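# An overview of the molecular structure
These are the residues of each chain, in order.
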Amino acid sequence: MNKKWTIDKIKEFVENNSESKLLTTEYHGFSQKLLFKCACGSKFEKTFTKFKNKHQRKCEVCQPPKESR
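Residues numbered from 1 in each chain as written. Predicted model: local features only at pLDDT ≥ 70, side-chain atom pairs only at ≥ 80, totals over all residues. Heavy atoms only, no water.

## Some remarks on the overall build of the protein chain
Within the protein chain one finds 2 helices and 3 strands. Start at the N end of the protein chain and walk to the C end: the helices and strands fall as α-β-β-β-α. Against the 2.2 N^0.38 benchmark of 11 Å for 69 residues, the protein chain shows a C-alpha radius of gyration of 12 Å, consistent with a compact globule. On the principal axes, the C-alpha backbone points of the protein chain span a range of 35 × 30 × 20 Å. (Helix = DSSP H or I, 4+ residues; strand = E, 2+ residues; numbered from the N terminus. Rg over C-alpha atoms; globule rule 2.2 N^0.38 Å.)

## Quick look at unusual backbone geometry
Unlike most non-glycine residues, His55 shows phi in positive territory, near 55°. Among the secondary structure elements, His55 is positioned in the segment after α2 (48–53).

## Some words on the layout of surface pockets
The gaps left among the atoms become clear once a water-sized probe is rolled over them. Each pocket or cavity is described by its volume, and for the largest pocket that value is around 320 Å³. Lining the largest pocket are 14 residues, and of these Lys46, Gln56, Gln63, Pro65 and Lys66 sit closest to its centre. In terms of residue count, the dominant contributor to the lining of the largest pocket is strand β3 (residues 43–47) (3 residues). Per-class residue counts for the lining of the largest pocket are 2 nonpolar, 4 polar and 8 charged. Roughly 250 Å³ of internal volume is contained in the second largest pocket. Lining the second largest pocket are 11 residues, with Lys3, Trp5, Tyr27, Phe30 and Thr49 sitting closest to its centre. (1 Å grid on protein atoms, 1.4 Å probe; cavity = no way out; pocket = protein on both sides within 12 Å on 5 of 7 lines; lining within 4 Å. Points joined across faces, edges and corners; volume = space filled by probe spheres on them. Nonpolar A, V, L, I, M, F, W, Y, C, P; charged D, E, K, R; others polar.)

## Section: the pattern of salt bridges
Tallying each qualifying case throughout the model produces 1 salt bridge. With a shortest N-O distance of 3.0 Å, Glu60 and Lys46 are connected by a salt bridge. Pair noted here: Glu60 is in the segment after α2 and Lys46 is in strand β3, with a separation of 14 residues, a long-range link. What makes Glu60 partly exposed here is its relative accessible area of 39%. (Salt bridge = Lys/Arg side-chain N within 4 Å of Asp/Glu carboxyl O. Buried < 20%, exposed > 50% of the residue type's maximum accessible area, 1.4 Å probe, protein only.)

Interpretation note: all reported values are geometric properties and have no functional meaning in isolation.
Next comes the structure, spelled out in structure tokens:
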């Protein structure tokens, strides 16, 4: 069964699993990009799926994209 994520549950997940902060205040589905603030102060956008499942929890400066194979 799929877990229904709400903006409050996402915010709690972000606070418990990263140093970033969630700036977005509404959640409309898994394809929506959310706005985060990295621990360094930079803002970045990611879908919650990438943030959660692919561990992309920092901005591109602090966590550069992996090189493609």
